[in-house]
Protein chains: 8
Amino acid sequence: MTEAEIIHLLQEYKAGTITEDDAVKKIVDVPFEEMRFAEVDHHRELRQGMPEVIYAAGKTPAQVRDIFYSLYTHSEGNLLATRAEREHYEKVREKVPEAVYDETARMIYLDRDERIQRDEAHKILILTAGTSDIPVAEEARLTAYLFGNYVTACYDCGVAGIHRLFAHLPAIKEANVLVVIAGMEGALASVVGGLTDKPVIAVPTSVGYGASFHGVAALLSMLNSCAMGVSVVNIDNGFGAGALASKINKLR
Amino acid sequence: MTEAEIIHLLQEYKAGTITEDDAVKKIVDVPFEEMRFAEVDHHRELRQGMPEVIYAAGKTPAQVRDIFYSLYTHSEGNLLATRAEREHYEKVREKVPEAVYDETARMIYLDRDERIQRDEAHKILILTAGTSDIPVAEEARLTAYLFGNYVTACYDCGVAGIHRLFAHLPAIKEANVLVVIAGMEGALASVVGGLTDKPVIAVPTSVGYGASFHGVAALLSMLNSCAMGVSVVNIDNGFGAGALASKINKLR
Amino acid sequence: MTEAEIIHLLQEYKAGTITEDDAVKKIVDVPFEEMRFAEVDHHRELRQGMPEVIYAAGKTPAQVRDIFYSLYTHSEGNLLATRAEREHYEKVREKVPEAVYDETARMIYLDRDERIQRDEAHKILILTAGTSDIPVAEEARLTAYLFGNYVTACYDCGVAGIHRLFAHLPAIKEANVLVVIAGMEGALASVVGGLTDKPVIAVPTSVGYGASFHGVAALLSMLNSCAMGVSVVNIDNGFGAGALASKINKLR
Amino acid sequence: MTEAEIIHLLQEYKAGTITEDDAVKKIVDVPFEEMRFAEVDHHRELRQGMPEVIYAAGKTPAQVRDIFYSLYTHSEGNLLATRAEREHYEKVREKVPEAVYDETARMIYLDRDERIQRDEAHKILILTAGTSDIPVAEEARLTAYLFGNYVTACYDCGVAGIHRLFAHLPAIKEANVLVVIAGMEGALASVVGGLTDKPVIAVPTSVGYGASFHGVAALLSMLNSCAMGVSVVNIDNGFGAGALASKINKLR
Amino acid sequence: MTEAEIIHLLQEYKAGTITEDDAVKKIVDVPFEEMRFAEVDHHRELRQGMPEVIYAAGKTPAQVRDIFYSLYTHSEGNLLATRAEREHYEKVREKVPEAVYDETARMIYLDRDERIQRDEAHKILILTAGTSDIPVAEEARLTAYLFGNYVTACYDCGVAGIHRLFAHLPAIKEANVLVVIAGMEGALASVVGGLTDKPVIAVPTSVGYGASFHGVAALLSMLNSCAMGVSVVNIDNGFGAGALASKINKLR
Amino acid sequence: MTEAEIIHLLQEYKAGTITEDDAVKKIVDVPFEEMRFAEVDHHRELRQGMPEVIYAAGKTPAQVRDIFYSLYTHSEGNLLATRAEREHYEKVREKVPEAVYDETARMIYLDRDERIQRDEAHKILILTAGTSDIPVAEEARLTAYLFGNYVTACYDCGVAGIHRLFAHLPAIKEANVLVVIAGMEGALASVVGGLTDKPVIAVPTSVGYGASFHGVAALLSMLNSCAMGVSVVNIDNGFGAGALASKINKLR
Amino acid sequence: MTEAEIIHLLQEYKAGTITEDDAVKKIVDVPFEEMRFAEVDHHRELRQGMPEVIYAAGKTPAQVRDIFYSLYTHSEGNLLATRAEREHYEKVREKVPEAVYDETARMIYLDRDERIQRDEAHKILILTAGTSDIPVAEEARLTAYLFGNYVTACYDCGVAGIHRLFAHLPAIKEANVLVVIAGMEGALASVVGGLTDKPVIAVPTSVGYGASFHGVAALLSMLNSCAMGVSVVNIDNGFGAGALASKINKLR
Amino acid sequence: MTEAEIIHLLQEYKAGTITEDDAVKKIVDVPFEEMRFAEVDHHRELRQGMPEVIYAAGKTPAQVRDIFYSLYTHSEGNLLATRAEREHYEKVREKVPEAVYDETARMIYLDRDERIQRDEAHKILILTAGTSDIPVAEEARLTAYLFGNYVTACYDCGVAGIHRLFAHLPAIKEANVLVVIAGMEGALASVVGGLTDKPVIAVPTSVGYGASFHGVAALLSMLNSCAMGVSVVNIDNGFGAGALASKINKLR
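Only a predicted model underlies this, so the values are computations on that prediction, with no experimental measurement involved.

Visitor: Would you mind showing me how to read the overall build of chain A here?
Guide: Secondary structure assignment for chain A yields 11 helices and nine strands. Here chain A has a C-alpha radius of gyration of 23 Å; the compact-globule value for 252 residues is 18 Å, and the former is much larger. Across the 252 residues that make up chain A, the buried fraction comes to 57%. Residue pairs in contact within chain A that sit at least 24 positions apart in sequence constitute 70% of those at least 6 positions apart. Entry remark: accessible area of chain A is about 9500 Å², with carbon and sulfur atoms responsible for 50%. Chain A carries 25 positive and 35 negative side-chain charges, and their two centres are separated by 3 Å.

In structure tokens:
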């Protein structure tokens, strides 16, 4: 029930074209419809500059194409499909030729939102421990970028060669929000957490072998970080980290 | 090596009282000393309005008393000892009679920092699923408060009686940062994450029995949250959540 | 907002004592309040004959006493406090002398609801594998009884002496809902599940040692039951099983 | 030994054509044969309107075809092969051309039982949290349908967008038995459990990544549900949930 | 129904004092009663020389006393209560003064069966890796002894000082059945399994710390033994190992 | 050093062609060489009628062929290659045309040992819970057979249809050693363990899905069996069970 | 900042071409740049005779070729690419024809360092329990060899046939560092640890099935070794073991 | 059989007082006895300067006293009882008054070996991440010291305040062997491993809470260390680390 419809209802009641009973009943019945309406409305306002997101994994190329195209025509923001394969992209391109595919990040996207102004004074910094963590990092970086942030990245600066990390100390000190991405022992999150006073989002990756147990070692390591200000998202969840970093980075 | 010492070194070299070789050597050797100096200095500035924190668990009452007293006399900020027992407090009170003990939060604290101005426009909201989660929540709440934030709380609004949660919808919409604390199945984090566009810090608690495995069920549930913008800290880590919430809440 | 209040609002609007804008706003704002109202109302009707339940674990004796007493005076149904210690009971008795304590089931209860008529044609049967499972079984049995069911029980009929189980075959065939409670290897659920066409609720218990891992062995065993119609609740969750059995048993 | 055979034995003994010893021996030897007989007989009566079920996984297409055909010719109820691949179906169709294959539910079935009358007053409702849970849900839905129930379904109403779930509140209130299917954090079971007084069967799915551990996160979440009346079946066990829902739904 | 009762039934039927219908009904109803009867009877014969066993854990001292006394008066075999505390013993002694308590094995027993003849040509050998494994070993040893076997033992011959083990090579070669008891890494089972052609029963113990996880390390090690002829019982299950060793040792 | 060499050494010493010192040194140095010799010798005698075994997994077809052929020419016992693929067999057949491949048991074997006399009075019985457990069961059955035992088998008699199991009660009562093979919840081991006084070897299989965790559920279930006389081997270890059953069955 | 640059700075300051403030600032800013410099320098010296290592897994053949070629032209030490597939090798050979590929160890290497002198008095001994452990062992062996050590190896001497191990006792006694590689139950590490006073590096392998859990059983076994002087590296980490063995072996 | 006995045997044989057959038999039988003899002898020589060690946990105070006293009188080296309580010490002091108890390290020891010369050029460095790790560190430090090493220690230099660690860089560069002790996320091992070219022994501790799982997080972290040259011992195993460090440090 839109506001217009409520007004109409009130007027009908006032005019006597519907009974009191019916009016009461309609009002009692709307809450959940209302809530949804409110929700959407509320979102509409907030979403200024936020991309629409499609989770491609488990969807057919044709399904992704259709949703992508529908969002393409019904919104003016950026578009973004995560965990997408090249087959998904081939289909999307049929209907949205200007869509781009990033193979590393496994994302199809459209970077078109002209309302976005990336604020260089509020940087998000993405760090990885190794080169194998880069796909997850690129997912996070591209997500944060499409959500309208100024993003920088330093890859392959794991703690076993700590001088490599320290070469990036100025970037660390400058960042407003940090995303630390690491597999194996995940120690980078703790070290970075000790070098900044800003929030650190840790992303364990499934990189490693043997007793890394597909990211469990890094996950536990990050949850137990002795550094203050570190929180953790799911294993390999680059998108989640990028989106959360954006939420935090836009707080004023 | 303080700045004064560097100046002294340069002047000695200029005056010829030390050789070029010795001057080079001393400069090469200082980096880590320097870094520490820089760190402390840097921290001093940033820590305006931040409390000093003592982790009391595993320390004797006398140790906690002495550290507390030392911080009491050498700083002017708030003081805060976490995971403290009443025995710790009895000792602390000997030297700092105005210290307060919060039995639920298991914290000894001193709320004295007059520089703090809590900003009501940037609220941190603490939510719990059940009454058994309250000790962890109070640890988070008191931490965030002593770090200089305006904090509100809604306890016992688990998802099985979801109307109780919805009664707090205005508070949820108003909050700038949310801390969701839950044991058992930890579903509250996902529901709250879907009702706000602000960052949500999820704290699994060891509340529950049987297959809750001392918080593992809630931890996994929260890591897998289908809501965007949820990150997780360690089981029962109320202090960590409160401190991180403060870091995020103070970003401008 | 009660129905009366909605009517009042409509009439005020019709009478012109509130503006259209205000009426719309009030209607938009009510959903969640409404939902809560609806919920409570709905529950009131459904709860005819259902006991009020208090989870005593983690509450002080005084807290349990006060909640128990409040429910005692404000309702006319049965009352029931689970996971209660004798200390809880001593306090409850101060205010509700006719309350009873069942040490085995660890429950304080009041069996006073005169509206209940237990239907012998719809029996709930509680079975245990061993004598050590009896506390959990008694929690289930007493719960189902206080919820208004006719309950029978056969204890200590584990599968290693299967003739003991078969002596109870008539009771198994007669039951409308079965609750099977077992620790160790939890095999009883599968065997019973194969002997009845009625729903079986399996409760793993933490009985056992070594590689039973406090009920995990039984839990996994029951989840993997090869018998059709078996579902599982949490380890040692006698109350949950009894309440669910009651829900199922009352379907018509 | 059928009843007729027992009578014959008694008469032979009475007539003296067999000795007392032989008669005793035959009676002592029958129990297990008897039990089987009783079992089968008992089942025959109960199974009115129940489909015959084949578990196809691990069987060759030819084996499934032969069993399917045998049941086809020897019974008049519905037939149903679960976890079936298209190859199984191709073979089955050779002998039972009217068999149908549902690719999503991975089931081959024959919906022919004319004795079934689906009772709309006793609905089973299938809910899923996401679109990826649909295959498990379809397995449950089709199973419950072929077992003779009236089944409705609401897919993709996870808790992160809770208004989507609430749009289905009338369906939830109407259902007699609910099956909640969710991967990731599995929170939907608790929320739904709090919105109904009817039994809820929770099915964790292996949907998710990282720390979902192929359904373990959802499984633990559901076992620890704070809502009363929720029980759990094995991960991805749509068939088991559908069959159990049918058992419960047919209780009167 | 005993044989005598069946005969009586047949004769009554023949005499016409019961109808054919009643006779048939009685015969159809007996199976499970019969099975139990058969079972007991069968056991009686087999149990010549086997002790009666009580699992004392979880039973009160008075309960153990009463069961022990009842078995004492109704059988003539050995008696044995496992996992018994001294309090259990004090009570048992009230009624059976000649009962003995073995504190290490935590067993109360009565070694009185004069029919037992221990066969030295069929030895059971109990080996432990360390001295901390001795309580479990004594439980196994005393069990096997009371079950009527000739038992020898070599304690503290772990693989890290393999010469200590090899000093017992003659005993290993002579044994008919071997029980190997070890915590920590449990390697002894594999080494002994390679030195004998007789069956080896491996018992992991909860001895160890850190990553021994209360016996899990030893359990996994033993299950994966590369030696042929090793099987495993539950962690710390000395009684089970002793009883199984006896079963195997008595095969001829 | 062979016996002949020791004699030669003694004679040389006696003859004075080597010194006392040298003789002592040689004797001190031999132990490990000796041990190996002794071992082999000892085994030769014991292995009368035992097959030679090759573990084919991880070996190339050519390697298996060569080892098989070597054993074929150097022994006269049965030969047996486990975990073998058809490719292994194709190669083996090149050199040993009379070798047989059993696809279900994944074994290549040669059944040629004429010294074997299978003793029908000492039967090994192999039972499985379901049809999917048959490959593991056939590995056990064929192993026990080739080791010289009389083996019978009853497949697909899981506990959910317990009358199917009881139809085999005579076979169970007759067996000297029982091997119970089950996946899913593994309950069959406990039920069978309660029906026999003979040793039961339980083999968990990786059959099942979801929370069966590739055999862990069955493994834990079997380790926690409440029946006396059950021990467990590794998941899917049909060979190990068959070989151990043979060891036990040949004890006299 | 190189040493030359520091000297230049000092001289500029002395000459007055930069102010004291600027000089202080530059010195304060260098630490991390310095550290990196120091690190590299320090390494250059230490790395005399150490190979350059590339982790090939997750890199494309072209990437490995380019890094390999770059190291080939810029250093004179040995080169070594681990976890390399043949495709990697084909590419490397394009630019470095003398590179060698070891299929078992999955390593591409160049053995060209003429400064290396392998010291036979300091042997590294590699032992494996079975033949399936050989790939990991060869990775360790080749690594230790290319790092400049004298390496010997004894494969397939698991503890179940302990005489095979004892045949290598002289080699064990002679070794300066031992690497023990085993899957399944990993018992070899403890036995070898008891036979030497030198450090033992244990490498669990993922060899095994069922409850070996891809190396977890061996890992736990080795961590719990009762032998003094055993430490553990990650599952299947042959390279890590070889490199650590080299580090230890080169200590003087 | 001692050397004297072998000589006696040879002489008897030469003298004809025993037959050739008997002599051969005796020689064949000695190997294991011999091995033990050789072992002890071998150890005697190696153990010069090594302490005798008693594992006190699980032994009574009187047992520890007696073993300690026996070693005190029969050797001249250092003595050391690990995991000892003060009660153990009180008893030991009765017979060895000069024994010392270190409450932090939980060790009773006697530092009397005058043959030991600690070599300052070969330092062992013990590092801990936090103050709670100190008991494990002291166990390692005291062990290494009593084994005759020169040991230094830096406690509380976890990676979250990395400047604290870098203040100890000179000590790290100087050490010959490093022991890194950390709980929680265990990241210190990787960072230190990257700062030295010497072997690093990592000891996870059970320090931490929630998802540290009593040391498992640190254990996994250390096993997955990205730094070359790190190996791991059991959780809290300070003694093992100290003893292994000594073994490595004494290699020349």
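After that view, the rundown keeps rolling.
Visitor: Explanation requested: the domain arrangement of chain A in the structure shown.
Guide: Size of an interface, as often reported, equals the accessible area lost when the parts are brought together. Residue and element names in this part refer to chain A. Domain annotation for chain A reports domain 1 (31-110) and domain 2 (123-251). A straight line from the C-alpha centre of domain 1 to that of domain 2 covers 25 Å. Opposite the 15 residues of domain 1 that make contact, domain 2 presents 11 residues. Note on domain 1 versus domain 2: buried area summed over both sides is about 1100 Å², and carbon and sulfur give 68% of it.

Visitor: Explain the interface of chain C and chain D here, please?
Guide: The interface of chain C with chain D comprises 35 residues on the first partner and 35 residues on the second. Counting the surface lost from both chain C and chain D, the interface buries some 3100 Å², and carbon and sulfur atoms represent 64% of this. Taken together, the connections running from chain C to chain D amount to zero salt bridges. If you look at where chain C meets chain D, you find eight residue pairs in polar contact (both at pLDDT 80 or more). When contributions to the side of chain C that touches chain D are tallied by element, the ones reaching two or more residues are helix H3 (31-46), helix H10 (216-223), strand E9 (230-232) and helix H11 (238-249) of chain C. Taken together, the residues of the side of chain C that touches chain D break down into 19 nonpolar, 10 polar and six charged.

Visitor: Where do I start with the relation of the copies chain C and chain D in this structure?
Guide: The relation between the two chain copies is a rotation about an axis coupled with a shift along that axis. Screw-axis analysis of chain C against chain D gives a translation of 0.0 Å along the axis, an RMSD of 0.2 Å, and a rotation angle of 180°. The superposition operator between the copies reduces to a two-fold rotation axis. In terms of proximity to the rotation axis, the leading residue of chain C is Arg252(C), whose C-alpha is 2.0 Å off the axis.

Visitor: Is there a simple way to think about the pairing of strand E5 (residues 123-128) of chain F in this case?
Guide: Within a regular strand, side chains alternate between the sheet's two faces. Residue and element names in this part refer to chain F. E5 sits mainly inside the fold: six of its six residues count as buried. Across the two faces of E5 the burial is the same, with Lys-123, Leu-125 and Leu-127 and Ile-124, Ile-126 and Thr-128 all buried. In this sheet, strand E6 (residues 150-154) lies alongside E5 in parallel orientation, the contact comprising five bridges. When the sheet's bridge partners are listed, Leu-127 is paired in E6 with Cys-154.

Visitor: What should I look at first to understand helix H10 (residues 216-223) of chain E in this one?
Guide: Each full turn of the α-helix corresponds to 3.6 residues, which orients residues three or four apart in the same direction. Across the eight residues that make up H10(E), a large majority, eight, are buried. For H10(E), the full list of buried residues reads Val216(E), Ala217(E), Ala218(E), Leu219(E), Leu220(E), Ser221(E), Met222(E) and Leu223(E).

Visitor: What exactly am I supposed to notice about the interface of chain F and chain C here?
Guide: On the side of chain C, 24 residues touch chain F, which itself brings 24 residues to the contact. When chain F packs against chain C, close to 1900 Å² is buried across both sides, 72% of that on carbon and sulfur atoms. Three residues stand out in chain F for area buried against chain C, namely Ala160(F), Glu185(F) and Asn224(F), and they jointly supply 30% of the buried area on that side. Taken together, chain F and chain C are joined by zero salt bridges. For the side of chain F that touches chain C, the secondary-structure elements that each account for two or more residues are helix H7 (162-166), helix H9 (188-193) and helix H10 (216-223) of chain F. Residue contributions to the side of chain F that touches chain C peak at five residues, all from H10(F).

Visitor: Would you explain the confidence of the model for chain A in this entry?
Guide: Interpretation of this model should avoid reading the predicted coordinates in detail wherever pLDDT is low. Residue and element names in this part refer to chain A. Within chain A, residue pLDDT values average 88, and 90% of them lie at 70 or more. At the level of individual helices and strands, chain A shows its lowest average pLDDT in helix H3 (residues 31-46), which scores 41, and its highest in strand E7 (residues 177-182), which scores 98. Of the regions scoring below 50 in pLDDT, residues 31-47 engages in 26 contacts with residues more than four places distant in sequence or in other chains.

Visitor: Please explain the UniProt feature "domain: PurE" (unreviewed entry) in chain A as it appears in this structure.
Guide: Mapped onto the present numbering, the UniProt feature "domain: PurE" (unreviewed entry) falls on residues 122-251 of chain A. Secondary structure across residues 122-251 of chain A divides into 38% helix and 19% strand, with the first and last C-alpha atoms of the span separated by 10 Å.

Visitor: It is not clear to me how the sheet that holds strand E1 (residues 52-55) of chain A should be interpreted in this structure. Could you clarify?
Guide: To summarise the sheet geometry, strands pair through backbone hydrogen bonds and adopt either a parallel or an antiparallel arrangement. Residues and elements named next belong to chain A. Read from one edge to the other, the open sheet built from four strands follows the order E1-E2-E4-E3, with strand pairing classed as mixed. Each end of this open sheet is capped by a strand with a single partner; those strands are E1 and strand E3 (100-102). Across the sheet, the axes of successive neighbouring strands diverge by a mean angle of 20°, strand direction being ignored. Of the strand pairs in this sheet, E3 and strand E4 (residues 107-110) are connected by three bridges, and their pairing is antiparallel. By the bridge assignment, Asp-102 is partnered in E4 with Met-107.

Visitor: How do you make sense of the relation of the copies chain F and chain C when you look at a structure like this?
Guide: Structural alignment of chain F on chain C gives an RMSD of 0.3 Å, achieved by rotating through 180° and translating 0.1 Å along the axis. The residues that chain F uses at the interface reappear at the interface of chain C in 100% of cases, marking a shared surface.

Visitor: Sorry, what's going on with the packing of helix H4 (residues 61-74) of chain H against helix H5 (residues 86-95) of chain H here?
Guide: Between two packed helices, what matters for the description is the angle formed by their axes and the separation of those axes. Residues and elements named next belong to chain H. Between H4 and H5, the least distance of the axes is 8 Å, while the angle of their chain directions is 40°. Between H4 and H5, the angle falls in the class oblique. Judged by the twist between their axes, the crossing of H4 over H5 is right-handed. The residues of H5 that touch H4, namely those facing Pro-61, Ala-62, Val-64, Arg-65, Asp-66, Phe-68 and Tyr-69, are Glu-87, His-88, Lys-91, Val-92, Glu-94 and Lys-95. Partitioning the contact of H4 with H5 into residue classes produces six nonpolar, one polar and six charged.

Conventions used here
- All residue numbers here refer to positions counted from 1 along the written sequence of the relevant chain.
- Chain letters start at A and ligand numbers start at 1, both assigned in the order the entries are written.
- Two thresholds apply to this predicted model, a pLDDT of at least 70 for residue-level local features and 80 or more for giving and counting side-chain atom pairs, whereas whole-chain, interface and lining totals are computed over all residues.
- For side-chain calculations, the full set of non-hydrogen atoms in the structure is used, while hydrogens and water are omitted.
- By definition, any uninterrupted DSSP run of H or I lasting at least four residues is a helix, any uninterrupted run of E lasting at least two residues is a strand, and each is numbered from the N terminus.
- For a compact globule the rule gives 2.2 Å times the number of residues to the power 0.38, and the radius of gyration it is set against comes from C-alpha atoms.
- Think of it in three bands: with a 1.4 Å probe and only protein chains considered, a residue is buried below 20% of the maximum accessible area for its type, exposed above 50%, and partly exposed in between.
- The criterion used for residue contact is that any of the two residues' heavy atoms lie within 4.5 Å.
- Accessible surface area values rest on a Shrake-Rupley calculation with a 1.4 Å probe, where residue burial reflects the displayed protein chains alone.
- In this count, Lys and Arg are taken as positive residues and Asp and Glu as negative ones, while His and the chain termini are left out.
- Note on charges: their place is set at NZ of Lys, CZ of Arg, CG of Asp or CD of Glu.
- The source of the domain bounds is an automatic or database domain assignment.
- By buried area we mean how much accessible surface two parts lose on assembly, using a 1.4 Å probe and totalling the loss over both.
- Salt-bridge detection follows one rule: a side-chain nitrogen of Lys or Arg within 4 Å of a carboxyl oxygen of Asp or Glu.
- N or O atoms within 3.5 Å of each other form a polar contact, as long as, within protein, one can give a hydrogen and the other can take it, and as long as residues adjacent in sequence are counted only when both atoms are side-chain atoms.
- When residue character is reported, Ala, Val, Leu, Ile, Met, Phe, Trp, Tyr, Cys and Pro are called nonpolar, Asp, Glu, Lys and Arg charged, and the others, Gly included, polar.
- Least-squares superposition aligns the copies on the C-alpha atoms of those residues with pLDDT at or above 70 in both.
- Only strands joined by at least two bridges in the DSSP assignment are considered to pair.
- You can read pLDDT as the predictor saying how much it trusts each residue, on a scale of 0 to 100.
- UniProt positions are given in the numbering used here, feature names are shortened, and annotations may be inferred rather than shown by experiment.
- Only the stretch in contact is used when fitting a helix axis, every axis being a line fitted to C-alpha atoms; angles between N-to-C directions are given from 0 to 180 degrees.
- Roughly parallel covers angles under 35 degrees, roughly antiparallel covers those over 145, roughly perpendicular covers 65 to 115, and oblique covers all other angles.
- The sense of a crossing depends on the near helix, which, turned anticlockwise from the far helix by less than a right angle, makes the crossing left-handed and, turned clockwise, makes it right-handed.

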